[in-house]
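Take a look at the letters that make up each chain.
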Amino acid sequence: DVGQEYKKMDGTTEIATDRINPDIILVFLGNNEFENDVPVGEAALNGTPSEENTSFSQCIETILYRLIELYPMAKIYCINNLARFEKYSFLQKNAAGSSIADYRLALEKICKAMEVNVLHADKLGIHSYNAQRYLVFRKFPKIITHKMLAEQCYNEMSNCVNCLYE
């Protein structure tokens with residue numbers, strides 16, 4: 001596992017690394033958590049990752065802390081979740097008592113506190129009247145949607161490409 005210490009055959013120890021040094025990392029979370037009734041919860045945002053990871057916010061916080069620790073030079077972008085149209089409206093609550101809007105707000109709050117950029121999948125223009133065209137089962141992105149998302153990511157990231165080298 002990346003970040004774990006292991007013994008080499010010569011008896012010395014080394015920290016496992018994936019030996020990748022990315023410039024940009026994309027994190028796309030929220031749809032499955034909503035669907036599986038994971039509570040939104042609260043992130044500690046105190047400079048250390050959560051030990052519990054029982055909520056969406058704690059998991060996002062831990063993932064971002066870990067990525068920042070492993071790849072301090074990378075520019076990290078979180079993509080907020082797409083709207084879902086199969087049986088939920090944007091504000092309808094799941095069994096955990098959270099709406100898609102709640103997951104988006106939590107993600108944006110954590111990203112702001114941790115100085116991570118947010119790419120807004122909700123600005124792709126997908127709504128209940130055209131969801132069939134862009135989403136499989138009215139919830140998962142089709143290839144055309146991935147292309148739209150990639151274009152949006154490229155456009156938003158190209159505005160910040162110079163910040164990679166500052």
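What comes next concerns the included structure. (Residues numbered from 1 in each chain as written. Predicted model: local features only at pLDDT ≥ 70, side-chain atom pairs only at ≥ 80, totals over all residues. Heavy atoms only, no water.)

On to the pairing of strand 4 (residues 75-79). By the criterion of burial, strand 4 is predominantly enclosed, with four of the five residues buried. As paired elements, strand 3 (residues 24-28) and strand 4 share five bridges and run parallel to each other. Considered in strand 4, the bridge of F28 is made with I79. By the bridge criterion, three bridges tie strand 4 to strand 5 (residues 117-119) in an arrangement that is parallel. Bridge assignment links C78 to a residue of strand 5, and that residue is V118. (Buried < 20%, exposed > 50% of the residue type's maximum accessible area, 1.4 Å probe, protein only. Helix = DSSP H or I, 4+ residues; strand = E, 2+ residues; numbered from the N terminus. Pairing = 2+ DSSP bridges.)

The next point concerns the nonpolar core. Soluble globular proteins tend to pack their nonpolar side chains together in the buried interior. I25, V27, L64, I76, C78, C111 and V116 are the most contacted members of the largest nonpolar core, which totals 23 residues. Those elements that provide at least two residues to this core are strand 3, helix 2 (56-70), strand 4 and helix 3 (100-113). Of the residues forming this core, the biggest block, six residues, is contributed by helix 3. If we ignore the near neighbours within four places in the chain, the residues touching C111 are L64, C78, V116 and V118. (Core = buried A, V, L, I, M, F, W, Y, C linked by side-chain atoms within 4.5 Å. Contact = heavy atoms within 4.5 Å.)

It is worth spelling out the pattern of salt bridges at this point. Taken as a whole, this structure holds three salt bridges when the rule is applied. A salt bridge links E69 to R66; its shortest N-O distance comes to 2.6 Å. With a gap of three residues between them, E69 and R66 both fall in helix 2, about one helical turn apart. For R66, a relative accessible area of 31% puts it in the partly exposed group. (Salt bridge = Lys/Arg side-chain N within 4 Å of Asp/Glu carboxyl O.)

As a further point, take helix 5 (residues 143-158). Here helix 5 is 16 residues long and its end C-alpha atoms lie 22 Å apart, about the 22 Å a rise of 1.5 Å per residue gives. For helix 5, every residue scored as buried is listed here: T145, L149, Q152, C153 and M157. Buried residues in helix 5, looked at end-on, bunch into an arc of 125°, giving them a common side. Seen from the buried face of helix 5, the exposed residues on the opposite side, beyond 90 degrees, are I143, K147, E151 and Y154. The inward-facing, buried residues of helix 5 abut strand 3, strand 4, strand 5, helix 4 (131-134), strand 6 (135-136) and strand 7 (140-141). (Expected span 1.5 Å × (residues − 1). Arc of directions from axis to C-beta.)

A separate point is the sheet that holds strand 5. Spatially, 3-4-5 is the arrangement adopted by the three strands of the open sheet, whose pairing is parallel. Edge positions in the sheet fall to strand 3 and strand 5, since each has one partner strand and no second. Pairs of neighbouring strands in the sheet enclose a mean axial angle of 30°, with direction left out of account. Set on the sheet, helix 2 makes contact with strand 3 and strand 4; between it and strand 4 the angle comes to about 160°. (Axes fitted to C-alpha atoms, helices over the stretch in contact; angles between N-to-C directions.)

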